[in-house]
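# Summary of structural features
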Amino acid sequence: MKFRLDTNYSEEELQFLAKHNCTVLSEINLSKTNFSEYEVPCRMFNYGGTYIAEIIDDETGKLVWAVLSKWNGIYHVSTYYDCLETLEQGL
């Protein structure tokens, strides 16, 4: 499945991405996913070999950053962070 992604980031977000040598993704092929309707990525970047996706939190309706992991050949959302600073601390 091909996901087309938003590539608009704030100046603060761009500074974070540059600081960590992240690669912004404009589209990605994830052939096997188990995303709920809320977990479809809006924006994504690669952080040290890990896919980070911005998704909608199904409980609050707010955007959060989520780590994608692969288990049994299927991509899943594994961990959620409310901002890039907590993501940085968590990884």
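Quick caveat, the model's predicted, so the values are computed rather than measured. (Residues numbered from 1 in each chain as written. Predicted model: local features only at pLDDT ≥ 70, side-chain atom pairs only at ≥ 80, totals over all residues. Heavy atoms only, no water.)

## Quick look at unusual backbone geometry
This is how it is decided: Under the scheme used here, helices are H or I runs from DSSP no shorter than 4 residues and strands are E runs no shorter than 2 residues, and both carry numbers assigned from the N terminus. Each residue gets one of three labels from its accessible area relative to the maximum for its type: buried under 20%, exposed over 50%, partly exposed in between, using a 1.4 Å probe on protein chains only.
One non-glycine residue, Asn21, lies in positive phi territory at about 50°. Looking at the secondary structure, you find Asn21 in the loop between helix H1 (11–19) and strand S2 (23–25). Residue classification places Asn21 among the exposed positions, given a relative accessible area of 69%.

## Re a nonpolar patch on the surface
As a reminder of what qualifies: Patch members must show over 30% relative accessible area and no salt bridge, and they are joined within 9 Å when carrying like charges or within 5 Å when they are nonpolar side chains of Val, Leu, Ile, Met, Phe, Trp or Tyr. Note on areas: Shrake-Rupley, 1.4 Å probe, and residue coverage restricted to the protein chains presented here. Salt bridge, as used here, is a side-chain nitrogen of Lys or Arg placed within 4 Å of a carboxyl oxygen of Asp or Glu.
Together, Tyr38, Ile56 and Leu63 give the surface a local cluster of nonpolar side chains, amounting to about 250 Å² of exposed area. Judged by its relative accessible area of 35%, Tyr38 falls in the partly exposed class.

## Comments concerning the nonpolar core
Where a protein is soluble and globular, its nonpolar side chains tend to be buried together. Quick reminder of the rule: Here, nonpolar core refers to any group of buried Ala, Val, Leu, Ile, Met, Phe, Trp, Tyr and Cys residues whose side-chain atoms link them within 4.5 Å. Throughout, a contact is declared for two residues whenever any of their heavy atoms are within 4.5 Å.
Counting 14 residues, the largest nonpolar core has Ile28, Leu30, Met44 and Leu68 as the members making the most contacts within it. Broken down by secondary-structure element, the contributors of at least two residues to this core are strand S5 (50–56), strand S6 (63–71) and strand S7 (74–81). By residue number, the principal contributor to this core is S6, which donates 3 residues. In this view, Ile28 contacts Met1, Lys2, Phe3, Leu5, Met44 and Tyr51; residues no more than four positions away in its chain are not counted. Listed in part, the 12 residues of the second largest apolar core include Tyr9, Cys22, Val67 and Leu87.

## Some words on the pairing of S7
Our working rule: The pairing criterion for strands is at least two bridges between them, as found by DSSP.
With 7 bridges connecting them, S6 and S7 associate as antiparallel partners. Counterpart to Lys70 in the pairing with S7 is Tyr75. Hairpin connection between S6 and S7: a loop of 2 residues separates the two successive antiparallel strands, and Asn72 in this loop has a positive phi of roughly 55°.

## Some thoughts on the packing of aromatic side chains
The test is simple: Two rings from Phe, Tyr or Trp (for Trp, the six-membered ring) form a pair when their centres are within 6.5 Å of each other. A pair whose planes differ by under 30 degrees is stacked, one over 60 is edge-to-face, and the rest are tilted. Only when the NZ atom of a Lys or the CZ atom of an Arg is both within 6 Å of the ring centre and within 35 degrees of the ring normal do we say a charge sits over the ring.
The final tally for this structure, using the stated rule, is 3 aromatic pairs. Between Phe16 and Phe45 the ring centres are 6.4 Å apart and the planes differ by 70°, which places this aromatic pair in the edge-to-face class. One end of the pair, Phe16, is in helix H1; the other, Phe45, is in strand S4 (residues 43–47), and 29 residues separate them in sequence. A residue is classified by how much of its surface remains accessible, and Phe16, at 8% relative accessible area, is buried. A relative accessible area of 0% places Phe45 in the buried class. One Lys or Arg, Arg43, reaches over the ring of Tyr9 and ends 4.4 Å from the middle of that ring.

## Quick look at the sheet that holds S6
Which entries qualify depends on this criterion: Only the contacting stretch of a helix is used when fitting its axis, a line to C-alpha atoms as for every element, and angles between N-to-C directions run 0 to 180 degrees.
Strands sit in the order S2-S4-S5-S6-S7 across an open sheet of 5 strands; the sheet is antiparallel. On the outer flanks of this sheet lie S2 and S7, each paired with one strand and no other. Here the average twist between neighbouring strands, direction ignored, is 35°. Here 3 bridges tie S2 to S4, and the two strands are oriented antiparallel to one another. Bridge pairing in S4 links Thr23 to Asn46. Most of the contacts of H1 go to S4, to which it runs at about 25°, and overall it touches S2, S4 and S6.

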